[in-house]
Amino acid sequence: MTDIPKGALHGIKVLDLSRVLAGPSCTQILADLGADVIKVERPHIGDETRHWAPPTFSDDTSAYYATINRNKKSLTVDITTPAGQTIIKQLIADSDILVENFKVGGLKKYGLDYENLKQDNPRLIYASLTGFGQTGPDAKRPGYDYIIQGLSGLMSITGPSDGEPHKVGVAVVDLFAGLQLTIGIQAALLARQHTGLGQQVDVALLDSALSMLANVGMNHLASDKIPPRLGNQHPNIVPYQVFAAEGEAHFILACGNDSQFAKLCEVLAVDWHTDERFATNPNRVANREFLCAELTKIFAKHPRAYWLAALDQVGVPCGAIHNVAEALAMPQAQAREMVIDFAVQGSPVRALGNPIKLSASPVSYRTPPPHLSEHTDSTLADLGYDSEMIAKLKADGII
């Protein structure tokens, strides 16, 4: 048999007390990288995303839950009870990382806050993901992706310039915060190599969203002007936006420099690159309205395929706007294993792949999303609970 390389985080144990999207997206990345992740869920109910359906796969696994819960074990425990808290503390004693997204202070009443747990396990990395962070006047407020997109200014710069503010099509703040939490955890693991001690990782949805403002936020800091909503246009580069070809098929044109603009003019058989109004990007930004109106007229004369072929031939960045089915069917997406199938493991679940490609310790797709409480008995048995003890815990509603 061919040996399967161990994941980069092989041997790292993670206790996942998070739910919904942001926290579980982080722990799935850790699991894909080889960590052993135990997902703690409420008895009989589980993570609420188990019920966010339709759609579901044929085994009734909701597509939403399957998005961020593969490679994990499901343990159901009522952490509000002393017996449940004992189980969690037993697991934490042997864990490297705890991930939670409770409200600030929400776990302290159960003795599961960082200050308590680090006394028994000083190597523990305690990763907290909240709406507003562990400090500040809004720390105790609950956080939701949609609301944070609004509060952060992200929606103010998204959507058509003459329409209402729009959210991004997926919960991008949740997912970005999950990435930030993953980075923080990995940094804490490296720091622990030097100090022997864990620490708390504090990531907030609002902080993550504010950092996502990137160059648009920096434009404000440099000018004190409020950035406008530009629809599909770029605030700093022209032409860098969506255009409609003949038949209303849309494509993206992304001229990032003056050389590319000159090549665009070559394709269009115009000499705008020698016109002072358009010769440099700052001048094109100043004359955005007129230039883009002229480009709109020209692009409407030929089909999208014509323009994409012509622009690609001279090295002008461009691309079609795919629907989701077209995107996932791209040969490039297939070659990069960005759609995975758990059918060989007896599961109907298909899932989006992990974009991290490591040459020596690649990610792996070991198990499909677990059924609720699938690993409760085996996890407790590993802790030394016998069948009678497990039966009593079930009878008492603890697990």
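See the structure shown above.
In short, a report on the structure. (Residues numbered from 1 in each chain as written. Predicted model: local features only at pLDDT ≥ 70, side-chain atom pairs only at ≥ 80, totals over all residues. Heavy atoms only, no water.)

Brief notes about the overall build of the protein
Alright, step 1. Helix and strand counts for the protein come out as 16 helices and eleven strands.
Alright, step 2. Seen through its principal axes, the protein has C-alpha atoms that stretch 85 × 50 × 40 Å.
Alright, step 3. For the protein, the residues scored as buried account for 43% of the 399 residues in total.
Alright, step 4. Contacts spanning at least 24 positions in sequence make up 66% of the contacts within the protein whose residues lie at least 6 apart.
Alright, step 5. As presented, the protein carries roughly 20,700 Å² of accessible surface, and 56% of it is formed by carbon and sulfur atoms. (Helix = DSSP H or I, 4+ residues; strand = E, 2+ residues; numbered from the N terminus. Buried < 20%, exposed > 50% of the residue type's maximum accessible area, 1.4 Å probe, protein only. Contact = heavy atoms within 4.5 Å. Areas by Shrake-Rupley, 256 points an atom, 1.4 Å probe, with all protein chains shown as cover.)

Thoughts on helix H1 (residues 22-32)
Alright, step 1. Taken across its eleven residues, H1 has eleven buried, putting it largely inside the fold.
Alright, step 2. The complete set of buried residues in H1 reads Ala22, Gly23, Pro24, Ser25, Cys26, Thr27, Gln28, Ile29, Leu30, Ala31 and Asp32.
Alright, step 3. Glycine 34 occupies a position one or two residues after H1 and carries a positive phi of about 110°.

Observations regarding the sheet that holds strand E9 (residues 318-320)
Alright, step 1. Pairing in this open sheet of three strands is antiparallel, and the strands run E7-E8-E9 from one edge to the other. Looking at the sheet topology across the chains shown, the edges are occupied by strand E7 (240-244) and E9. Between one strand axis and the next, the sheet turns through 25° on average, direction left out of account.
Alright, step 2. Against the sheet, helix H11 (residues 288-299) touches E7 and strand E8 (250-254), its axis set at about 40° to E7. (Pairing = 2+ DSSP bridges. Axes fitted to C-alpha atoms, helices over the stretch in contact; angles between N-to-C directions.)

Let's talk about unusual backbone geometry
Alright, step 1. Cis geometry marks the peptide bond from alanine 53 to proline 54, where omega comes out at 0°.
Alright, step 2. Secondary-structure assignment places proline 54 in the loop between strand E2 (36-41) and helix H2 (63-67).
Alright, step 3. You will see that valine 20, though not glycine, has its phi angle at about 70°, which is positive.
Alright, step 4. Within the secondary structure, valine 20 is located in the loop between strand E1 (13-16) and H1.

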